[in-house]
Amino acid sequence: MIEVPAGIDAGTQIPLTTISGARRGPVLALVAGNHGYEYPPVLALQKLRSGIDAAQLSGTVMMVHVANMPSFLGRTVYFSPVDGKNLNRVYPGRQDGTVSERIAFAITTQVIEKADYVLDLHCGDGNESLRPYVYQAITADGKMNSEISRLALGFGIDHILIDRNRPTDPARSLYCSTTAITRGKPALTIESGFLGRSDAESVEAIVAGVRGVLRELRMLEDGPAAVSRPVYLDPAEVVASPETGILYWHVERDQTVAKGALLAHITDFFGNRIAEVRSPLDGVVLYVVATPPITKGQPVACIAARATLS
Ligand SMILES: [Zn+2]
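A brief report on the enclosed structure follows. Please read these numbers as outputs of a predicted model, since none were measured by experiment. (Residues numbered from 1 in each chain as written. Predicted model: local features only at pLDDT ≥ 70, side-chain atom pairs only at ≥ 80, totals over all residues. Heavy atoms only, no water.)

1. Considering the sheet that holds strand β12 (residues 245-249)
The strand order across the open sheet formed by 4 strands is β15-β14-β12-β17, and the pairing between neighbours is antiparallel. Each end of this open sheet is capped by a strand with a single partner; those strands are β15 (273-278) and β17 (293-294). Here strand β14 (residues 262-267) pairs with β15 via 5 bridges, running antiparallel. By the bridge assignment for β15, Thr267 is matched with Arg273. (Pairing = 2+ DSSP bridges. Helix = DSSP H or I, 4+ residues; strand = E, 2+ residues; numbered from the N terminus.)

2. Topic: the coordination of the zinc ion
Around a metal, the perfect tetrahedron of four donors has angles of 109.5 degrees, and the perfect octahedron of six donors has angles of 90 or 180 degrees. On the protein side, the zinc ion has His35 (ND1), Glu38 (OE), Glu38 (OE) and His122 (ND1) as donor atoms, found 2.0 to 2.4 Å from it. The site at the zinc ion holds 4 donor atoms, and with the angles between them running 56 to 142°, its shape is irregular. Each donor residue of the zinc ion lies on the same chain, and together they follow the pattern H-x2-E-x83-H. Pair noted here: His35 is in the loop between β4 (23-32) and α1 (39-51) and His122 is in strand β6 (residues 117-122), with a separation of 87 residues, a long-range link. Since its relative accessible area comes to 3%, His122 is described here as buried. (Donors = N, O, S within 2.8 Å, 3.2 Å for Na, K, Ca; no water. Tetrahedral: all angles 85-135°; square planar, octahedral: opposite > 155°, others 65-115°. Buried < 20%, exposed > 50% of the residue type's maximum accessible area, 1.4 Å probe, protein only.)

3. Thoughts on helix α4 (residues 142-155)
Helix length check: α4 (14 residues) gives 20 Å between terminal C-alpha atoms against 20 Å at 1.5 Å per residue, within 8%. With a side-chain oxygen positioned 2.9 Å from the backbone nitrogen of Lys143, the residue opening α4 is Asp141. After α4 finishes, the residue Gly156 shows a positive phi value of roughly 95°. (Expected span 1.5 Å × (residues − 1). Polar contact = N/O pair within 3.5 Å; in protein donor to acceptor, adjacent residues only side chain to side chain.)

4. Brief notes about α1
Think of an α-helix as turning once every 3.6 residues; residues three or four places apart then point the same way. Compared with an ideal rise of 1.5 Å per residue, which puts 13 residues at 18 Å, α1 spans 18 Å between its outermost C-alpha atoms and is within 8% of the ideal. Those residues of α1 that are buried are in contact with β4, β5 (58-64), α2 (69-74), β6 and α6 (200-216). (Contact = heavy atoms within 4.5 Å.)

5. Brief notes about the pattern of salt bridges
A side chain with one charge may pair with a side chain of the opposite charge, provided their charged atoms come close. Tallied over the entire structure, the rule returns 13 salt bridges. Lys85 is the salt-bridge partner of Glu101, the closest N and O atoms lying 3.4 Å from each other. A residue pair is termed long-range when its members are at least 10 positions apart, and Glu101 in helix α3 (residues 99-110) and Lys85 in the loop between α2 and α3 qualify at 16 residues. Judged by relative accessible area, which is 27%, Lys85 ranks as partly exposed. Of the charged contacts, one joins Arg166 and Asp163 as a salt bridge, the two residues approaching to 2.5 Å between their closest N and O atoms. (Salt bridge = Lys/Arg side-chain N within 4 Å of Asp/Glu carboxyl O.)

6. Some points on the packing of α4 against α6
Packing of α4 against α6 brings their axes to within 7 Å, and their N-to-C directions diverge by 130°. Looking at the two axes, α4 sits oblique to α6. Considering only the axes of α4 and α6, their crossing is right-handed. Judged by residue contacts, Arg150, Leu151, Gly154 and Phe155 of α4 engage Ala205, Ile206, Gly209, Val210, Gly212, Val213 and Glu216 from α6. Taken together, the residues of the contact of α4 with α6 sort by class into 6 nonpolar, 3 polar and 2 charged. (Axes fitted to C-alpha atoms, helices over the stretch in contact; angles between N-to-C directions. Parallel < 35°, antiparallel > 145°, perpendicular 65-115°, else oblique. Left-handed = near helix turned anticlockwise from the far one by under 90°. Nonpolar A, V, L, I, M, F, W, Y, C, P; charged D, E, K, R; others polar.)

7. Let's talk about the environment of Asp268
Looking at the element boundaries, Asp268 is found in the loop between β14 and β15. Asp268 sits 211 residues away from Leu57 along the chain, and the two C-alpha atoms are 56 Å apart. Among residues more than four places away in sequence, those in contact with Asp268 are Ile246 and Ile274. Separated by 3.0 Å, the side chain of Asp268 and the backbone nitrogen of Gly271 make a polar contact.

8. Some remarks on the side chain of Thr179
Structurally, the position occupied by Thr179 is in helix α5 (residues 176-181). Given a relative accessible area of 0%, Thr179 falls into the buried group.

9. Here we look at the pairing of β5
Counting buried positions along β5 yields 7 of 7 residues, so the element is predominantly enclosed. Sheet analysis places strand β3 (residues 16-20) next to β5, joined by 5 bridges and oriented antiparallel. When the sheet's bridge partners are listed, Ile19 is paired in β5 with Val61. Here β4 runs beside β5; their pairing, made up of 6 bridges, is parallel. Its bridge partner being in β5, Ala29 is matched across the sheet by Met62. A crossover connection joins β4 to the parallel β5 through α1; in handedness this β-α-β unit is right-handed. (Right-handed = clockwise from strand over helix to strand, strands pointing away.)

10. Comments concerning unusual backbone geometry
Trans is the common state for peptide bonds, and a negative phi is the common state for residues other than glycine. The linkage connecting Tyr91 with the following residue, Pro92, adopts the cis geometry, with an omega of 5°. Inspection of the secondary structure puts Pro92 in the loop between α2 and α3. Here the phi dihedral of Leu195 falls at roughly 55°; this positive angle occurs in a residue that is not glycine. Structurally, the position occupied by Leu195 is in the loop between β10 (187-191) and α6.

Here's what the structure looks like:
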């Protein structure tokens, strides 16, 4: 257990497994549960913990089983029940901050800084109906970009979102994977799973993906093949809600939509229609919020277009 000491609020613990391989090799860190209502990553690491044979492993695998314990046990979407903060927006954290910031600080210093590669494992949060995809960050460094691309293809999920908008300042990295990248360590953010479920297919996609990356990094000899026909997505847009109220969604995850298509409408708490949310582009629904509560400014959906390769 990594201890997160009490500070201006109560402390917590972060369960960590380290598997040291029989041979030398890179250190791969796997982080589950930055968002506490996202269960397939947590369950995938339970399977991988017993499934990775140290005798066959070259290098080291670090597993953060539940990054955000207050949110996991408190069953909260996006935000910590203790400080109201989104853990995956406060990296690299602060030693003297609130509990989310202290968790981020502990993971930055005790996991990310000790790793060579980082996979931050997510899924659609408790309110999000999501089809699997991977965020492939684009940086100013060509070598870093090719390493990240190699990880993305190795993970095996064919929908790969080209992400050009991550922070570049290591002191204000905000996201777990960006904290790694701004410290020179190739990293991905993975999304597999939806709506607070823990279905076998979403879990297995993460187990297979990690095994694919272990093969790609030559940490294990065998593993699933890399993606042969990737679907690159660029651009993607997160559509924010224009109002607070009750959400009625009109599309499903993975549905193809045209620019201007009705994604959702919103009523006030008496049932009067107060807003519509339409697609800003032709693309695929990567996720759509599919539970009734909606707050102004929060995401309703993410729509991504297929990249036109030059
Ligand atoms: Zn998440």
